[in-house]
Amino acid sequence: MSMDSQDKSFPLMSSFSFAFSGILLALRKERNMRIHFISSIIVLLVSFYFSITKIEWVFILFAIGGMFALELLNTAIERVVDLVTAEYHPLAKQAKDLAAGAVLIYAALSVVIGIVIFLPYVLNLF
């Protein structure tokens, strides 16, 4: 199917619908996505409580958005690998492990961002 015929078959709103469907599917089916979602709600509430600066908001929102995006990509890679082979294959394992590693690195970075931003606010409480 060419790109032109695909564009006519799926209007812009359908594309958004598919994207939101994928996000909701991940929230329903993926434990880690739910953990990220709950963590994000807590971080947003804490951010409002401490009235963080605009630049701190930018870092927090990039950390949250990036985490969701990477978790969705990780899940997509896992699904495709599972679709391609039900048997153990070293390359399938590597693909899954590499995607999981990307999520872990970004999660660690997000935690560091949180510490850098929130630790001074927390210390000021005491």
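For the structure itself, look to the data block above.
Report on the accompanying structure. (Residues numbered from 1 in each chain as written. Predicted model: local features only at pLDDT ≥ 70, side-chain atom pairs only at ≥ 80, totals over all residues. Heavy atoms only, no water.)

## Topic: the overall build of the chain
Helix and strand content of the chain: five helices and zero strands. Reading the secondary structure of the chain in the N-to-C direction produces α-α-α-α-α. For the C-alpha atoms alone, the extent of the chain along its principal axes is close to 60 × 40 × 25 Å. Here the chain, with 126 residues, has 22% of them falling under the buried criterion. In the form shown here, the chain has an accessible surface area of approximately 9300 Å², with 74% of it arising from carbon and sulfur atoms. Placing the 9 positive and 9 negative side-chain charges of the chain at their respective mean positions leaves the two points 7 Å apart. (Helix = DSSP H or I, 4+ residues; strand = E, 2+ residues; numbered from the N terminus. Buried < 20%, exposed > 50% of the residue type's maximum accessible area, 1.4 Å probe, protein only. Areas by Shrake-Rupley, 256 points an atom, 1.4 Å probe, with all protein chains shown as cover. Lys, Arg positive; Asp, Glu negative; His and termini not counted. Charge placed at Lys NZ, Arg CZ, Asp CG, Glu CD.)

## Concerning the nonpolar core
By size, the foremost hydrophobic cluster in this structure holds 12 residues: A26, M33, F50, I52, W57, I60, A63, I64, F68, I113, I117 and F118. Those elements giving two or more residues to this core turn out to be helix 3 (31–50), helix 4 (54–84) and helix 5 (90–124). Here this core takes five residues from helix 4, the largest share from any one element. Those residues in contact with I64 that lie beyond four places of it in its chain are S40, V43 and L44. (Core = buried A, V, L, I, M, F, W, Y, C linked by side-chain atoms within 4.5 Å. Contact = heavy atoms within 4.5 Å.)

## Description of a nonpolar patch on the surface
Together, L12, M13, F16, F20 and I23 make up a nonpolar patch on the protein surface, roughly 550 Å² of accessible area in all. Looking at the secondary structure, you find M13 in helix 2 (residues 12–29). Relative accessible area serves as the criterion here: at 63%, M13 is assigned to the exposed category. (Patch = residues over 30% accessible without salt bridge, like charges linked within 9 Å, V, L, I, M, F, W, Y side chains within 5 Å. Salt bridge = Lys/Arg side-chain N within 4 Å of Asp/Glu carboxyl O.)

## Notes on helix 4
Relative to the 45 Å expected for 31 residues at 1.5 Å per residue, helix 4 spans 45 Å between its end C-alpha atoms, a close match to the ideal helical length. Within helix 4, the full set of buried residues consists of E56, W57, I60, A63, I64, G66, M67, F68, E71, N74, T75 and V81. Elements that come into contact with the buried residues of helix 4 comprise helix 3 and helix 5. (Expected span 1.5 Å × (residues − 1).)

## Quick look at the packing of helix 3 against helix 4
Look at helix 3 against helix 4: their axes get within 10 Å of each other, and the N-to-C directions meet at 175 degrees. In terms of their interaxial angle, helix 3 and helix 4 are classed as roughly antiparallel. Judged by residue contacts, N32, M33, H36, F37, S40, V43, L44, S47 and F48 of helix 3 engage W57, I60, L61, I64, M67, F68, E71 and L72 from helix 4. Tallied by class, the residues present in the contact of helix 3 with helix 4 amount to 12 nonpolar, four polar and one charged. (Axes fitted to C-alpha atoms, helices over the stretch in contact; angles between N-to-C directions. Parallel < 35°, antiparallel > 145°, perpendicular 65-115°, else oblique. Nonpolar A, V, L, I, M, F, W, Y, C, P; charged D, E, K, R; others polar.)

All quantities given are derived from atomic positions and should not be read as evidence of function.
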